[in-house]
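Chains, contacts and geometry: an overview
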Amino acid sequence: KAARRWPGDLRLAFHLSARDILSPAAVAKIAQVVREAGVDARRIEFEITETAMLTDFDRARANIAALRALGCRMALDDFGSGYSNFSYLNRVEVDTVKIDRSFVQALGRGEKAREIIKSMIELAQNLGMDHVIEGVETEAEMHQLRLAGARQVQGFLYGRPMDEADIAAFLRAEHDARLTG
């Protein structure tokens, strides 16, 4: 309900567990909530991990397709950690690759981490996907990520989880900063 009042260019992201993405009943309930929410489904992005699809890939793919049919976006979360099976990028329709924060944490240990992040960003771009770098906490990390070509990041550097009441003030401050900056 609160998101109805937020700017239309803000996406709402929700993490789906393996249980969620593998359950037709859960996906049907999620679809019902999306239809009744009063928020454009194109603003909603569901995040899934590669491991969530391991047990029953075909069912996961069918449920992902059902959510995409509503207009929702899909993101592959924690990309680069765990199994990192590139075949998922080929077999599941994904809009966004969320690059795991472990690569951000490795930035201070040498050039290799930045080059890996740069390669993952280029892979996402070549496949027509967005990218989000997870876990950005410092200006130094952000500087390194800019050098790697990062355009979308998330992390405590930009905001911490907050209550609904605090979000309106946060959005106003961001808007005002853009106008004066």
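Everything quoted here is computed from the prediction, not taken from an experiment.

1. Structural notes on the pairing of strand β3 (residues 73-79)
Of all 7 residues in β3, 6 are buried; the element is thus mostly enclosed. Here strand β2 (residues 44-49) pairs with β3 via 5 bridges, running parallel. Within the sheet, the bridge partner assigned to T49 lies in β3 and is D77. Relative to strand β4 (residues 96-99), β3 is paired through 3 bridges, and the arrangement is parallel.

2. Some points on the packing of aromatic side chains
Going through the model one piece at a time under the given rule, you end up with 1 aromatic pair. When the centroid spacing of 6.1 Å and the interplanar angle of 40 degrees are considered together, the rings of F14 and F46 count as tilted. In this pair, F14 is assigned in strand β1 (residues 12-15) and F46 in strand β2, connecting sequence segments 32 residues apart. F14 gets classed as partly exposed once you look at its relative accessible area, which sits at 42%.

3. Remarks on the packing of helix α2 (residues 24-36) against helix α3 (residues 57-69)
Each packed pair of helices is defined by two parameters, the angle between the axes and the distance between the axes. Contact pair α2 / α3: the axes reach a minimum separation of 10 Å and the direction vectors enclose 10 degrees. When the axes of α2 and α3 are compared, the pair comes out roughly parallel. Contacts between α2 and α3 pair P24, V27, I30 and A31 from the former with R59, N63, A66 and L67 from the latter. Residue composition of the contact of α2 with α3, by class: 6 nonpolar, 1 polar and 1 charged.

4. With respect to unusual backbone geometry
With a phi close to 60 degrees, D78 is a non-glycine residue in the positive phi region. Assignment of secondary structure puts D78 in strand β3.

5. Thoughts on the packing of helix α6 (residues 111-126) against helix α7 (residues 139-148)
Relative to each other, α6 and α7 sit at 50 degrees, their axes nearing to 9 Å. By the angle between their directions, the pair α6 and α7 is classed as oblique. Seen along the crossing, α6 lies across α7 with a hand that is right-handed. Along the contact surface, α6 presents R114, I117, K118 and I121, while α7 presents Q144, L145, L147 and A148. Of the residues contributing to the contact of α6 with α7, the split by class is 5 nonpolar, 1 polar and 2 charged.

About the thresholds
- Throughout, residues of each chain are indexed from 1 in the direction in which the sequence is written.
- Reporting in this predicted model follows two pLDDT cut-offs: at least 70 for local features of residues, and 80 or more for side-chain atom pairs to be given and counted; totals over whole chains, interfaces and linings ignore these cut-offs and use all residues.
- Excluded from the side-chain calculation are hydrogens and water; included are all heavy atoms of the structure.
- Three exposure classes are used, based on accessible area relative to the maximum for each residue type with a 1.4 Å probe and protein chains only: buried under 20%, partly exposed in between, and exposed over 50%.
- Numbering of helices and strands runs from the N terminus; a helix is a DSSP stretch of H or I covering at least four residues, while a strand is a stretch of E covering at least two.
- Criterion used throughout: strands pair if DSSP finds at least two bridges between them.
- Any pair of Phe, Tyr and Trp rings, taking the six-membered ring for Trp, is counted once the centres come within 6.5 Å. Such a pair is stacked with planes under 30 degrees apart, edge-to-face with planes over 60 apart, and tilted for the rest.
- Axes here refer to lines fitted to C-alpha atoms; in helices the fit is confined to the stretch in contact. Angles between the N-to-C directions go from 0 to 180 degrees.
- Orientation labels follow simple angle bins: below 35 degrees gives roughly parallel, above 145 gives roughly antiparallel, 65 to 115 gives roughly perpendicular, and whatever is left gives oblique.
- We call two residues contacting when some pair of their heavy atoms lies within 4.5 Å.
- Gly is put with the polar residues, along with every residue not named as nonpolar or charged; the nonpolar set is Ala, Val, Leu, Ile, Met, Phe, Trp, Tyr, Cys and Pro, and the charged set is Asp, Glu, Lys and Arg.
- Take the far helix as your reference; a near helix turned counterclockwise from it by less than a right angle gives a left-handed crossing, and one turned clockwise gives a right-handed crossing.

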